[in-house]
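Letter by letter, the chains look like this.
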Amino acid sequence: MPVRRLEVQAFGGPEVIQLVEDAALPQPGPGEVRIRVEASSLVFTDTLIRRNLYPVLKLTLPLTLGYDFVGRIDGVGANVTRWRIGDRVADLTQIGGNATHLVRPAAQLVPVPQGLDATRAEPMILTYLTAYQALFREAMAKPGEPVLIYGASGAVGLAALDLCRAFGLPAVGVASARRKRAVTAMGATFVAYDEADAAGKLDRLARDANGFKTIIDAAMGEALASVLARLAPDGRLVALGFSALFRNANTASAAPPGLLARSRIAFEFLRIKWLSSRSGTSRRVSFYDISERRAARPDWFQDDLCTLFTLLEHGRISPHVQRVFGLNAAVEAHRLIDAGQVEGRLVLDLASPLGAGAVDGPQDESVQVAA
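Summary of the structure given here. (Residues numbered from 1 in each chain as written. Predicted model: local features only at pLDDT ≥ 70, side-chain atom pairs only at ≥ 80, totals over all residues. Heavy atoms only, no water.)

1. Some details on the packing of aromatic side chains
- Using the criterion set out here, one finds four aromatic pairs in the structure.
- Judged by centre distance (6.4 Å) and plane angle (65°), the ring pair of Tyr132 and Phe167 falls under edge-to-face. You can see Tyr132 sitting in helix H3 (residues 127-138) and its partner Phe167 sitting in helix H4 (residues 155-167), a full 35 residues away along the chain.
- What makes Phe167 partly exposed here is its relative accessible area of 24%.
- Judged by centre distance (4.9 Å) and plane angle (55°), the rings of Phe136 and Phe167 are tilted. Linking Phe136 in helix H3 with Phe167 in helix H4, this pair joins segments that are 31 residues apart in sequence.
- Taken together, the ring pairs in this structure connect Tyr132, Phe136 and Phe167 into an aromatic cluster. (Phe/Tyr/Trp six-rings, centres within 6.5 Å; stacked < 30°, edge-to-face > 60°. Helix = DSSP H or I, 4+ residues; strand = E, 2+ residues; numbered from the N terminus. Buried < 20%, exposed > 50% of the residue type's maximum accessible area, 1.4 Å probe, protein only.)

2. Some words on the packing of H3 against H4
- At their nearest, the axes of H3 and H4 sit 8 Å apart, and the two run at 55° to each other. It follows from the interaxial angle that H3 and H4 lie oblique. At the point where H3 passes H4, the crossing takes the right-handed sense. For the pair H3 and H4, the contacting residues are Thr127, Tyr128, Thr130, Ala131, Tyr132, Leu135 and Phe136 in the first and Ala155, Val156, Ala159, Ala160, Asp162, Leu163, Cys164 and Phe167 in the second.
- Grouping the constituent residues of the contact of H3 with H4 by class yields twelve nonpolar, two polar and one charged. (Axes fitted to C-alpha atoms, helices over the stretch in contact; angles between N-to-C directions. Parallel < 35°, antiparallel > 145°, perpendicular 65-115°, else oblique. Left-handed = near helix turned anticlockwise from the far one by under 90°. Contact = heavy atoms within 4.5 Å. Nonpolar A, V, L, I, M, F, W, Y, C, P; charged D, E, K, R; others polar.)

3. Things to note about the sheet that holds strand E1 (residues 3-8)
- Strands sit in the order E2-E1-E4 across an open sheet of three strands; the sheet is antiparallel. The outermost strands of the open sheet, each flanked by one partner alone, are strand E2 (17-22) and strand E4 (63-64). (Pairing = 2+ DSSP bridges.)

4. Thoughts on the environment of Met220
- Here Met220 is to be found in the loop between strand E12 (212-217) and helix H7 (224-229).
- Of the residues examined, Met220 reaches a relative accessible area of 6% and is grouped as buried.
- Taking the C-alpha atoms as reference points, Met220 and Tyr150, separated by 70 residues in sequence, lie 7.6 Å from one another.

5. Concerning the nonpolar core
- Counting residues in hydrophobic clusters, the biggest one holds 95 residues, and the most contacted among them are Ile35, Leu161, Leu163, Leu308, Phe309 and Ile317.
- A total of eight residues in this core trace back to one element, the largest contributor, which is H4.
- Setting aside residues up to four positions removed in sequence, Ile35 forms contacts with Phe69, Gly71, Arg72, Ile73, Asp74, Val89, Thr100, His101, Leu102, Arg104 and Leu109.
- Val172, Val191, Leu228 and Leu231 belong to the second largest nonpolar core, which has 16 residues in total. (Core = buried A, V, L, I, M, F, W, Y, C linked by side-chain atoms within 4.5 Å.)

Below, the structure written as structure tokens:
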């Protein structure tokens, strides 16, 4: 059986993505398993990796894209006792997930309930886990406490709103005016950043709430001082990862951002990192990166991802999957992400014949399938 995967042999735009085929299946070594992948990521971070703009990875070519996956074990190496052929598992890979088969260390895998649809389970790994840990590990949010979410119509933003709805946290979501429906559908108060007096409206909402106990910034489009001014005295601002730093920096081009954009990115990043390094009561800012957090607390990664799968299985959360793509249509998916035309999540389906992208199970009304 051949392995089909999305390979990048040169950094650049969506056109550099190639669908390649390997004649032989990879073989698991000691402590490893082979997985037949069912679904994998199509996210903004994948596009940064494609362009060699993701600062935490030293990339070498060629590489296979794919930040995470859900799949089923179909080969077990020596000294593996926990897993059996047929078990469903998930993992965060950073690269390599956009392939029909791959080999992973057995100890890193997280079990996935057998009954979950893979295209709905896959967003739990990077997208929902980022939102969950930002809310409940970093900010330690509690039911009834007000939450402000910047970038609320993006993948992590909508996941955070979904979790706020599930756990009884009143939320305000900031996004462009054209995304109002997606934000309000999650039960959140909506503020359009591109309409008149957006800052004034946010200030008034902050005053009415006596400051937001939690602010999740997945956009980094507003001055840090203005964001901090809306935080409650005992609140916490969580800045999410590296992706937001690049969202407004020439995302539609394969070229790196210009000098001015790079300078702003570097300044904001260093300031957030400095603030997040302060200890005690003065530590009001956290910088969250999922890979860094997993390395520090792998037990949290396992526990929290299992919690999210349970919440999904019981219908308490529902990922906003805009479209499902097969391998043959992945270039189109990357173009949509680069153009900023994605609301919520795209998912790569590898379980259907030839990766055609067929969807099983309930989906959002907005879901479309592309072959």
